[in-house]
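Commentary on secondary and tertiary structure
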Amino acid sequence: AVFQTETATADARSQLAEATEAHDISKLWAAIANAEAVEIDTEEVSDARAFANDLERQALRKTAACEALAVAVQSQTIHRLQSALAEAIDAGLSEHDTSSAKGMLEEESRKARARTALVVAVSSLEVERLQATMEEAKAAGLEENELVDAGRALVR
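What counts, and at which threshold
- Note that residues are indexed from 1 along each chain, following the sequence as it is written.
- Since the coordinates come from a predicted model, pLDDT governs what is reported: local features require at least 70, and pairs of side-chain atoms require 80 or more to be given and counted, while whole-chain, interface and lining totals use all residues.
- No hydrogens and no water enter the side-chain calculation; it runs on all heavy atoms of the structure.
- Helix and strand assignments follow DSSP, with helices taken as H or I runs no shorter than four residues and strands as E runs no shorter than two, numbered in order from the N terminus.
- Partly exposed describes any residue whose relative accessible area lies between the buried limit of under 20% and the exposed limit of over 50%, with all areas from a 1.4 Å probe on protein chains only and scaled to the type maximum.
- Per residue, pLDDT measures the predictor's confidence, with a range of 0 to 100.
- What counts as a salt bridge is simple: a side-chain nitrogen of Lys or Arg found within 4 Å of a carboxyl oxygen of Asp or Glu.
- Any pair of residues with heavy atoms lying within 4.5 Å of one another is described as a contacting pair.
- For a helix, the expected span equals 1.5 Å multiplied by the residue count minus one.
- The directions from the helix axis to the C-beta atoms are what the arc is built from.

Some points on unusual backbone geometry
If you check the backbone angles, Q76 has positive phi at about 55° while not being a glycine. Topologically, Q76 is positioned in the loop between α3 (42–75) and α4 (78–91). Its relative accessible area of 42% is what places Q76 among the partly exposed residues. Even without a glycine there, the phi angle at L125 is positive, about 60°. Within the secondary structure, L125 is located in the loop between α5 (95–124) and α6 (127–140).

Structure (structure tokens):
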């Protein structure tokens, strides 16, 4: 009976260690339940429980960051994209998870720079500058309706 208890305790400790090392929340909770069943030292179990709770908080934070990224990409708003990306990176999301938002941020930033350049070019009334700025604005993905003022300035 003592041998069985020692074996069960050793197995439970091994399961705790493996689940902790693997950062596997479901295996960790199962190992904690098993450790409690064989009455392993409460400090060991408490440490494992605290670690499991931390893993769950991290997982929830990553999920929330992923959802915020999706909303930010949908909004196509520079500020939202920057904010959501900062949180996503801080939460530990992978490059794969953040790549579409990064691409959207680059695209929207390029459009914003093109809009600003168009306003400056229109106020300058320099034909070559207007033409070059309009080409860059088109390349940045601005819609034709955003080029109307520049086109009118060229006709003047």
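Digging into the confidence of the model for the protein chain
Within the protein chain, residue pLDDT values average 92, and 99% of them lie at 70 or more. Between the elements of the protein chain, mean pLDDT differs from a low of 81, seen in helix α7 (residues 148–155), to a high of 97, seen in α4.

Here we look at the pattern of salt bridges
The full count for this structure, using the stated rule, is 12 salt bridges. The partner of R57 in a salt bridge is D54, and the shortest N-O contact between them spans 2.3 Å. Placement of both R57 and D54 in helix α3 is noted, with a separation of 3 residues, approximately one turn of the helix. Among the residues examined, D54 registers a relative accessible area of 33% and is labelled partly exposed. For the salt bridge of R61 with D90, the shortest nitrogen-to-oxygen distance reads 2.4 Å. Of the two residues, R61 sits in helix α3 while D90 sits in helix α4, which places them 29 residues apart along the sequence. For D90, a relative accessible area of 53% puts it in the exposed group. In the salt-bridge network here, residues are joined through shared partners; they are R61, E87 and D90.

Here's the deal with the environment of A91
Looking at the element boundaries, A91 is found in helix α4. Classification of A91 as buried rests on a relative accessible area of 11%. Separated by 10 residues in the primary sequence, A91 and L81 place their C-alpha atoms 15 Å from one another. Leave out the neighbours within four places in its chain, and A91 touches R61, K62 and A65.

Some points on α4
The end-to-end C-alpha distance of α4, which contains 14 residues, comes to 20 Å, matching closely the 20 Å that a straight helix rising 1.5 Å per residue would cover. Within the span of α4, buried status applies to L81, A84, L85, A88 and A91. Summarising the axial view, the buried residues of α4 lie within an arc of 130°, below the 170-degree limit, and thus occupy one face. Across from the buried face of α4, at angles greater than 90 degrees, the exposed residues are H79, I89 and D90. Buried residues along α4 sit in contact with α3 and α5.

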